Amino acid sequence: MSTTAPADAQSSIELEIGGMTCASCAMRIEKKLNKLDGVAATVNYATEKAKVTVPDGFDATLLIAEVEKTGYTAALPTPKVTKKDAAPEEDSDPEFTALRNRLFVSIALTVPVIAMAMIPALQFTYWQWASLALAAPVIVWGAWPFHRAAWANVKHGTATMDTLISMGTTAAFLWSLYALFFGTAGVPGMTHPFELTLAPSDGAANIYLEVAAGVTMFILAGRYFEKRSKRQAGAALRALLEMGAKEVSVLRDGVETKIPVEELEAGNEFIVRPGEKIATDGVVVAGTSAVDASMLTGESVPVEVGEGDTVTGATVNAGGRLVVRATRVGSDTQLAQMARLVEDAQTGKAEAQRLADRVSGVFVPIVIVIAFLALGAWLGAGFPVAAAFTAAVAVLVIACPCALGLATPTALLVGTGRGAQMGILIKGPEALESTRKVDTVVLDKTGTVTTGKMTLVGVIAEPGTDRDELLRLAGALEDASEHPIAQAIAKAATQETGTLLTPESFANVEGNGVQGIVDGHAVVVGRESLLAEWSLPLSQALADAKARAEGEGKTAVAVGWDGAARGILVVADTVKPTSAEAIRQLKAIGLTPVLLTGDNRAVARQIAAEVGIDEVIAEVLPKEKVDVVTRLQKQGKIVAMVGDGVNDAPALAQADLGIAMGTGTDVAIEASDITLVRGDLRGAVDAIRLSRRTLGTIKSNLFWAFAYNVAAIPVAALGLLNPMLAGAAMGLSSVFVVGNSLRLRGFRSTSL
């Protein structure tokens, strides 16, 4: 038997990329990596990461070497260590700190230069030389990252946004040096009137130090706010990763031992006291409590848990003492999976982003050609060199399409981050594209529209039989059974009558019910046939009530004692309290809901009528669910599927948009495009609304970025725009895109 992996087996490698300054850098690295055999790479400028699919066994050092050949740095991700007294993240990033320092120094030096150039009253006798002293450090040191990147581009025969910035600022600086040392600009008493437009003049009398320094300052400011916004957008993910407990009290041979949570292993039992975070996913083995999961799910009401219930790591024990057995630790926990889903979503690319990347890749060379054409045209028309030169510099500066490169990543970062805060995990940007066209939403019944748990919904007592007595005796006997229906009855009996009695004897009649002695009564609870064996026939009224309940798809349990049938207990999987509202909201955003279930048609129609669904597809086998989705797609419908079970996974994968309830199985979650942490169907409405809003933000960002460049380049080439104002406008366009994306942080749920 061979153990060799299949030839087409692939794995994924993530790289942290350093040195990128714009979207063109990301495009260039991506092209370089994709030239390697068997490699498919996506480089995201916003997250500064590359996600690379490679054949199994591929050496990651080859990828790193390839990135370094293009003039950037690459490294495999290092585990993040969280320390209590760690410095704020802004200060722990040397690149961010260096950028901030360059910006603040540049602002301090540039503002006086701009003021002197704009306000003739400030132009004292040797103001131009003072401007040179102040501007030189900004143009050389402040803009050094742009010059360094531009030089690396030249060595590799490519051009990026940094090429434009470096060319524009260097040209303005060199021309100013020429005018000061070899022209007439350096003479004492020279004045320089501020003009928004260009006029023919002797180029030797003009300096452009305020242009070079101002452009550098504005671009540094734009990049500083870009980087800062990326950090703010990623705050949800960082918060998610830091939510977990740091220490845990493990039970070893009955003795409590405090250990770091990283040392906890699956199968260990640990103690959670009131107010403490639950260290990891597990099952309660002792104790009862209320668990506050609001930080993870957004659900404000604490959930009651007891022995046998599952609990999630990072939620808070709000009630009594619990003993929990760990079932999943480390990277397998729900918290870690959530973080992975968020990060994967932010690393991917939507179709709109791929378009922006392609445009950025060819944009730079075209702009350089336009700048040279503008220069030649102005000179050819007989205008002074200064006028021609200034028009060319303005083209180079204003064309820098940083806003274009930021349009998609920033919106995606903020949108997925906001989703994570609301308990909506968007797996990838492709999911955003799908939500735009979806017109039909197929809903699994059990666990999605309904709770998926049996609940006592009716108590019918014979005349002369006390309702509470019926519930008390039946509940005491059922409490000794593990059957879900029995547990539903016992739970309801406890809530309504208080602490249950302990049966004096108990027997489980397989498949029929239970029997025993409770409080001196010989009690039988179960099927009608079990009561018939004890000669306890149902009265006509009870038989009618039983038939009515079963006709509605509910389960009817008969109860009798002391020689007579005493009543009927009706148990059913109940509709979630929020499902009807969710259906109304789905219809309000233009979707047609369809209920899909394996239950009989009567049950399905009853549930559908209760929540307001008109179309029902019932009695479907698990393997047929995917066929139903396929059939709807063949009818021309764009289908979203919402489910929670293993049997829903193929349908979730087949649907144009798969939405899994986070309360469901891991298989369903893996097969979906969007995961709802809460078991609330209204989350599906919020997920679709948030996805559509995020996609709309991406489109508006792209529109304004394209429109800005298309409109501004001809204006600059015609000499109607001062290069310094061009730089300011270019920086403001990036700030606009970032600001527009950050508006997504204000997205609110319809259920609030």
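The residue count restarts for each chain, going from 1 along the sequence in the order it is written. Totals for whole chains, interfaces and linings use every residue, but because this is a predicted model, local features are given only for residues with pLDDT of at least 70 and side-chain atom pairs only at 80 or more, for both listing and counting. In computing side-chain properties, one takes all heavy atoms of the structure into account and sets aside hydrogens as well as water.

Looking at an unreviewed UniProt entry, one finds the protein named Heavy metal translocating P-type ATPase and attributed to Lysobacter korlensis. UniProt positions are given in the numbering used here, feature names are shortened, and annotations may be inferred rather than shown by experiment. In UniProt, the protein has this text filed under Sequence similarities (unreviewed entry): "Belongs to the cation transport ATPase (P-type) (TC 3.A.3) family. Type IB subfamily."

J.: I would appreciate a short explanation of the sheet that holds strand β25 (residues 657–661) in the present structure.
T.: Hydrogen bonds between backbone atoms are what pair the strands of a sheet, whose relative direction is either parallel or antiparallel. With mixed pairing, 7 strands are arranged side by side in an open sheet as β14-β26-β25-β24-β15-β22-β23. Two strands bound the open sheet, and with one partner strand each, they are β14 (424–426) and β23 (615–617). On average, each strand axis in the sheet is inclined to that of its neighbour by 20°, with strand direction left out of account. Summarising the sheet, strand β15 (residues 440–444) and strand β22 (residues 592–596) pair through 5 bridges and their orientation is parallel. Across the sheet, V441 pairs through a bridge with P593, a residue of β22. Any pair of residues with heavy atoms lying within 4.5 Å of one another is described as a contacting pair. Geometry is summarised by axes, namely lines fitted to C-alpha atoms with helices restricted to the contacting stretch, and by angles between N-to-C directions that run from 0 to 180 degrees. Segments assigned H or I by DSSP are reported as helices when at least four residues long, segments assigned E as strands when at least two residues long, and all are numbered from the N terminus. Contacts from helix α23 (residues 625–634) reach β15, β22, β23 and β24 (639–643), with the element oriented near 160° to β24. Should DSSP find at least two bridges between two strands, the strands are taken to pair.

J.: For this particular structure, what's the right way to read unusual backbone geometry?
T.: Peptide bonds are trans in most cases, and residues, glycine excluded, mostly fall at negative phi. Unlike most non-glycine residues, D519 shows phi in positive territory, near 55°. Positionally, D519 belongs in the loop between β18 (513–518) and β19 (521–526). A positive phi is found at S535, a non-glycine position, where the angle reads about 60°. Mapped onto the elements, S535 comes out in the loop between α19 (528–533) and α20 (540–551). Relative accessibility thresholds used throughout: buried, under 20% of the residue-type maximum; exposed, over 50%; partly exposed, between the two (1.4 Å probe, protein chains only). Classification of S535 by relative accessible area gives exposed; the value is 55%.

J.: Looking at this model, I keep getting lost on the UniProt feature "transmembrane region" (unreviewed entry) in the protein. Mind explaining?
T.: Mapped onto the present numbering, the UniProt feature "transmembrane region" (unreviewed entry) falls on residues 103–120, 126–144, 164–187, 207–225, 359–379, 385–414, 701–718 and 724–742. The distance separating the terminal C-alpha atoms of residues 103–120 is 26 Å; by composition the span is 89% helix and 0% strand. Taken end to end, residues 126–144 has its terminal C-alpha atoms 27 Å apart, with 89% of it in helix and 0% in strand.

J.: Please clarify how the pattern of salt bridges should be interpreted in this entry.
T.: Side-chain pairs of opposite charge can arise where the charged atoms are in close proximity. For this document, the term salt bridge refers to a Lys or Arg side-chain nitrogen within 4 Å of an Asp or Glu carboxyl oxygen. Under the definition given, this model contains 14 salt bridges. Notably, a salt bridge pairs R328 with D281, separated by 3.2 Å at the nearest N-O pair. You can see R328 sitting in strand β13 (residues 322–328) and its partner D281 sitting in strand β8 (residues 281–286), a full 47 residues away along the chain. Overall, R328 belongs to the partly exposed group, its relative accessible area being 24%. As a salt-bridge pair, D444 and K625 come within 2.9 Å of each other at their nearest N and O atoms. With a gap of 181 residues between them, D444 in strand β15 and K625 in helix α23 connect regions that are remote in the sequence. Each of the two residues, D444 as well as K625, counts as buried. Through salt bridges with shared partners, a single ionic network connects E469, R472 and D519.

J.: How do you make sense of the nonpolar core when you look at a structure like this?
T.: Where a protein is soluble and globular, its nonpolar side chains tend to be buried together. Counting 45 residues, the largest nonpolar core has L443, V642, L657, I659, I674, L676 and L681 as its most contacted members. Sequence-distant contacts of V642, that is, excluding residues within four places in its chain, are made with V441, V442, L443, D444, T448, L652, I659, M661, L681 and A684. To qualify as a nonpolar core, a set must consist of buried Ala, Val, Leu, Ile, Met, Phe, Trp, Tyr and Cys residues joined through side-chain atoms within 4.5 Å. Counting 34 residues, the second-largest nonpolar core is a separate cluster that includes L103, A179, L180 and A386.

J.: Got a minute to help me understand the environment of V735 in this structure?
T.: Considering the arrangement of structural elements, one finds V735 in helix α27 (residues 723–742). By relative accessible area, V735 is classed as partly exposed at 37%. Once the C-alpha coordinates of V735 and A221 are considered, the two residues, 514 residues apart in sequence, prove to be 9.1 Å apart.

J.: I would appreciate a short explanation of the pairing of β18 in the present structure.
T.: Regular strands show a simple pattern: their side chains alternate between the two faces of the sheet. For β18, the buried fraction is high: 5 of the 6 residues fall into the buried class. Note that β18 and β19 share 6 bridges and pair antiparallel. Bridge pairing in β19 links I517 to A522. Where β18 folds back onto β19 in an antiparallel hairpin, the turn is made up of 2 residues, including D519, whose phi is positive at roughly 55°.

J.: Teacher, can you tell me more about helix α17 (residues 467–478) here?
T.: Between the first and last residue of a helix there are one fewer steps than residues, each counted as 1.5 Å, and that sum is the expected span. If you check α17, its first and last C-alpha atoms are 16 Å apart, about what 12 residues at 1.5 Å a residue would give, namely 16 Å. Buried within α17 we find L470, L471, L473, A474, G475, A476, L477 and E478. In the analysis that follows, any N or O atom pair within 3.5 Å is treated as a polar contact, provided that within protein one partner can donate a hydrogen and the other can accept it, and provided that, for residues neighboring in sequence, both atoms belong to side chains. Between a side-chain oxygen at the N-terminus of α17 and the backbone nitrogen of D468 the separation is 3.3 Å; the capping residue is D466.

J.: How do you make sense of the packing of aromatic side chains when you look at a structure like this?
T.: What characterises a pair of aromatic rings is the spacing of the ring centres plus the angle enclosed by the ring planes. Aromatic rings from Phe, Tyr and Trp, taking only the six-membered ring of Trp, are treated as a pair when their centres fall within 6.5 Å; an angle between ring planes under 30 degrees marks them as stacked, one over 60 as edge-to-face, and anything in between as tilted. Going through the model one piece at a time under the given rule, you end up with 5 aromatic pairs. Summarising the aromatic geometry, the rings of W129 and F181 are spaced 5.3 Å apart at their centres and angled 75° between planes, so their arrangement reads as edge-to-face. Separated by 52 residues along the polypeptide, W129 in helix α5 (residues 127–142) and F181 in helix α7 (residues 161–181) bring together distant segments of the chain. Of the residues examined, W129 reaches a relative accessible area of 28% and is grouped as partly exposed. Seen in terms of ring centroids, W704 and F736 are 6.2 Å apart; in terms of plane orientation they differ by 80°. Their pairing is edge-to-face. Of this pair, W704 sits in helix α26 (residues 682–717) while F736 sits in helix α27; the two residues are 32 residues apart in sequence, bridging distant segments of the chain. With a relative accessible area of 48%, W704 lands in the partly exposed category. Accessibility expressed as a relative area gives 40% for F736, which makes it partly exposed. An aromatic cluster of at least three residues, connected via ring pairs, comprises F703, W704 and F736.

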